[in-house]
Amino acid sequence: MTADESLGRLDDDDYPAYTMGRAAELLGTTPGFLRAIGEARLITPLRSGGGHRRYSRYQLRIAARARELVDQGTPIEAACRIIILEDQLEEAQRINAEYRRAAGSSTSSTPPAGT
């Protein structure tokens, strides 16, 4: 990979650019917290060639949301479940909106009955 290609990946939200130590530092938490949310299957970090966990910016945003809930007193397992359910709800709402748009465009091109 060239230097230009590597720099381009830094804009990729899914590129695993952060080590566990750096991710924990950015989140103001511990590596143990990151391991715990991984064990709860909230996020699955990628592994480097040496087997070290690597996190993307997208995963850090999810971890930050989990930390926010835990800081408010929510048990870590419950926080992870809440975030998973929030994500599923958001996806279902997006799909429903697409169906409504598709249904609206197909009925608007059909002339009313009786004309």
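In this text the structure is predicted, and so the values were computed from the model without any measurement.

Rules used throughout
Residues numbered from 1 in each chain as written. Predicted model: local features only at pLDDT ≥ 70, side-chain atom pairs only at ≥ 80, totals over all residues. Heavy atoms only, no water. Core = buried A, V, L, I, M, F, W, Y, C linked by side-chain atoms within 4.5 Å. Buried < 20%, exposed > 50% of the residue type's maximum accessible area, 1.4 Å probe, protein only. Helix = DSSP H or I, 4+ residues; strand = E, 2+ residues; numbered from the N terminus. Contact = heavy atoms within 4.5 Å. Axes fitted to C-alpha atoms, helices over the stretch in contact; angles between N-to-C directions. Parallel < 35°, antiparallel > 145°, perpendicular 65-115°, else oblique. Left-handed = near helix turned anticlockwise from the far one by under 90°. Nonpolar A, V, L, I, M, F, W, Y, C, P; charged D, E, K, R; others polar. Salt bridge = Lys/Arg side-chain N within 4 Å of Asp/Glu carboxyl O.

## A few points about the nonpolar core
For soluble globular proteins, the rule of thumb is that nonpolar side chains tend to be buried together. Leu34, Ile37, Leu42, Ile43, Tyr55, Ala66 and Ile83 are the most contacted members of the largest nonpolar core, which totals 19 residues. Contributions of two or more residues to this core are made by helix H2 (20-27), helix H3 (31-39), helix H4 (57-71) and helix H5 (76-108). Tallying contributions element by element places H4 first for this core, with five residues. Residue contacts for alanine 66: discarding those within four places in its chain leaves Phe33, Ile37, Leu42, Ala79 and Ile83.

## Quick notes on the packing of H2 against H4
At a minimum axis separation of 10 Å, H2 and H4 run at an interaxial angle of 50°. By the criterion of interaxial angle, the relationship of H2 to H4 is oblique. Handedness of the H2/H4 crossing: right-handed. Mapping the contact onto sequence places Ala23, Leu26 and Leu27 in H2 and Leu60, Ala63, Ala64 and Arg67 in H4. Across the contact of H2 with H4, the residue classes break down as six nonpolar, no polar and one charged.

## A short note on the pattern of salt bridges
Going through the model one piece at a time under the given rule, you end up with eight salt bridges. Residues arginine 94 and glutamate 91 are paired through a salt bridge, measuring 2.5 Å at the closest nitrogen-oxygen approach. Of the two residues, arginine 94 and glutamate 91 are both situated in helix H5; the distance of three residues between them amounts to about one turn of the helix. Its relative accessible area of 35% is what places glutamate 91 among the partly exposed residues. Among the charged side chains, a network of salt bridges with common partners joins Asp13, Arg57 and Arg61.

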